[in-house]
Amino acid sequence: MRALFRKELQENLKPAVLGCLLLTVMLLVQYRNCTVVPGSQPLLARSLLTVTSLFCALIGGLFGWLQMRRESHRDLWAFLIHRPVPAPNILLAEILAGLTLYALAAGLPLVALVVWVWVPGHVAAPFEWPMVLPVVADGL
Amino acid sequence: MNEQPVIRTRGLTRYFGPKPAVLELNLEVPRGGVFAFLGRNGSGKTTTIRMLLGLLRPTRGEGEVLGFNTLALPPEARARIGYLTEDHQLYGWMTVRECGQFQARSYPRWNESILRGVLAHFDLNPEAQVKDLSRGERAGLCLGLTLAPEPELLILDDPALGLDPVARRTLIESMVYLTRRSDRTVFFSSHQLADVERVADYIAVLERGVLRACCPLETFRTSVQQVRLRFAGAPPKLPAIPGLLRASRGEGEVRVACMHYNGATEQVLRSLAPIDLELMPISLEDAFLAYLGERGEKSFILSETEGQP
């Protein structure tokens, strides 16, 4: 199962890194727009939340599609399935790898944003942990 | 065929829409030796193989491989079955070495020296990326990956498809190498009848999803005979000849391919008053073509158990 997990990660690492960079840039732009108004909390800004919700849905769908497309050739599918590994383990490896890639592409920039906002001195607005919930909801 | 067969199917059937791809297939593959699975394009060979490996559900009927139901092949059974697909598909982004490592991690028994031997035989660079390999090189890599777990049963789906003669020969040699132990079985589908003739012990012939023959190669070869009749003038019109598969006319001669040529057949042929009647050697390819010709496919079923019709 570990071999399959590693294979999936290696196979889709590039799109995950690209997704991570893309979301980082998008968050930076939204963050700058939000912090122009003194006292506004970027984590609650509608524009930022719209961007994250759209991006998370798209990147999640993209990884699902990529993982399926790469194995969709009949013979490659047989190569994946015909091995002494129980089918549920193969599925689990695929799911875990997909979640890991998603966490890299979407989770990492969002966590970085939360940490940045949480550290005192960065944003001139009060911070409460419940403010993170909308971003977490987008990510999930 | 006293031992339990490594492959057994009972009424195995698969429809794609209204069209039957495989129909009521009853097949037994004995342990040991090389079993060739023959048929034209679209005759249902790949569909059968995919059903045997549990990659495709049969519409009805059932199959067993190494004593396990094909619909529930456990991992320990899959470890004992090597499968080589016809397109030799692998992950293009991997290197040859990575492919080996990826497969080795999944198999409890992995003989790295076999993989290295096959790679050396095909002159493959371990650092080469799969996407840069030629078709023959990819076939070699796939073969190495299939042989390294030392499978008890090797299922090859038209392994020589698209290979040059050298790669084909190498592949055949590897198959022979694998079956040097009597408990190993190779089950392969092929269009290359010359290869089949060289290595197969048994053959099965599938035509439009229906099994037309299943017997030792030698039985098949001796069951289909070719006779040349020479005449002083123009050859007469042929009467009903028992077991006739194919007849072709030449100048002053007629060649007929017959199934189960015997005294009755000869008597009918002699009644045409030829100046000469000669039994001629027939290649497996000609026998196969005659057998699956318009007459043959509708008239005869050859199986080891049925014997003479």
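Residues numbered from 1 in each chain as written. Chains lettered and ligands numbered in written order. Predicted model: local features only at pLDDT ≥ 70, side-chain atom pairs only at ≥ 80, totals over all residues.

Novice: Explain the overall build of chain A to me, and be specific about the residues and the numbers.
Specialist: Tallying secondary structure elements over chain A gives 5 helices and 0 strands in all. Each helix and strand of chain A, ordered N terminal to C terminal, gives the series α-α-α-α-α. Here the C-alpha atoms of chain A give a radius of gyration of 18 Å, more than 25% beyond the 14 Å that 2.2 N^0.38 yields for 140 residues. C-alpha extents for chain A along the principal axes are approximately 60 × 20 × 20 Å. Counting across all 140 residues of chain A, residues that qualify as buried make up 26%. (Helix = DSSP H or I, 4+ residues; strand = E, 2+ residues; numbered from the N terminus. Rg over C-alpha atoms; globule rule 2.2 N^0.38 Å. Buried ≥ 20, exposed ≤ 12 C-beta atoms within 10 Å, placed from the backbone.)

Novice: Account for the domain arrangement of chain B, with residues named and values stated.
Specialist: By convention, interface size is frequently given as the accessible area that disappears when the constituent parts associate. Residue and element names in this part refer to chain B. Taken domain by domain, chain B holds domain 1 (7-208) and domain 2 (220-303). Measuring from the centre of the C-alpha atoms in domain 1 to the corresponding centre in domain 2 gives 36 Å. Each partner contributes to the interface: domain 1 provides 7 residues, whereas domain 2 provides 7 residues. Listing elements by their share of the side of domain 1 that touches domain 2, those giving two or more residues are α7 (193-199) and β9 (202-207). Residues that form the side of domain 1 that touches domain 2 fall into these classes: 5 nonpolar, no polar and 2 charged. (Domains from an automatic or database assignment. Contact = placed C-beta atoms within 7 Å. Nonpolar A, V, L, I, M, F, W, Y, C, P; charged D, E, K, R; others polar.)

Novice: I'd like a rundown of the sheet that holds strand β13 (residues 253-259) of chain B, residues and numbers included.
Specialist: Residue and element names in this part refer to chain B. One open sheet accounts for 4 strands, arranged β12-β13-β11-β14; its pairing is antiparallel. Two strands bound the open sheet, and with one partner strand each, they are β12 (244-250) and β14 (276-280). In this sheet, adjacent strand axes meet at a mean angle of 20° when their direction is disregarded. Its contacts with the sheet place helix α10 (residues 284-291) against β11 (224-230), β12 and β13, and it is angled at close to 90° to β11. (Pairing = 2+ DSSP bridges. Axes fitted to C-alpha atoms, helices over the stretch in contact; angles between N-to-C directions.)

Novice: Explain the interface of chain A and chain B to me, and be specific about the residues and the numbers.
Specialist: Across the boundary between the two partners, chain A contributes 15 residues, which contact 18 residues of chain B. Residue assignment for the side of chain A that touches chain B shows that the elements contributing at least two residues are α1 (2-35) and α3 (74-81) of chain A. Per element, the largest residue contribution to the side of chain A that touches chain B is 5 residues, and it comes from α3(A). For the side of chain A that touches chain B, the per-class residue count stands at 8 nonpolar, 2 polar and 5 charged.

Novice: Residues and numbers for the nonpolar core, please.
Specialist: Within the largest apolar cluster, 84 residues are counted, with the highest numbers of intra-cluster contacts made by B:Phe35, B:Ala36, B:Ile155, B:Phe187, B:Ile203, B:Ala204 and B:Tyr291. For this core, the element with the most residues is helix α5 (residues 135-147) of chain B, which contributes 6 residues. Among the domains, domain 1 (7-208) and domain 2 (220-303) of chain B are the pair contributing at least three residues each to this core. When sequence neighbours within four positions are dropped, the list of residues in contact with B:Ile203 reads B:Ala36, B:Leu38, B:Val196, B:Ala213, B:Cys215, B:Leu217 and B:Phe220. Core analysis: the second largest hydrophobic core is formed by 22 residues, A:Leu27, A:Cys34, A:Phe55 and A:Val117 among them. (Core = buried A, V, L, I, M, F, W, Y, C linked by C-beta atoms within 7 Å.)

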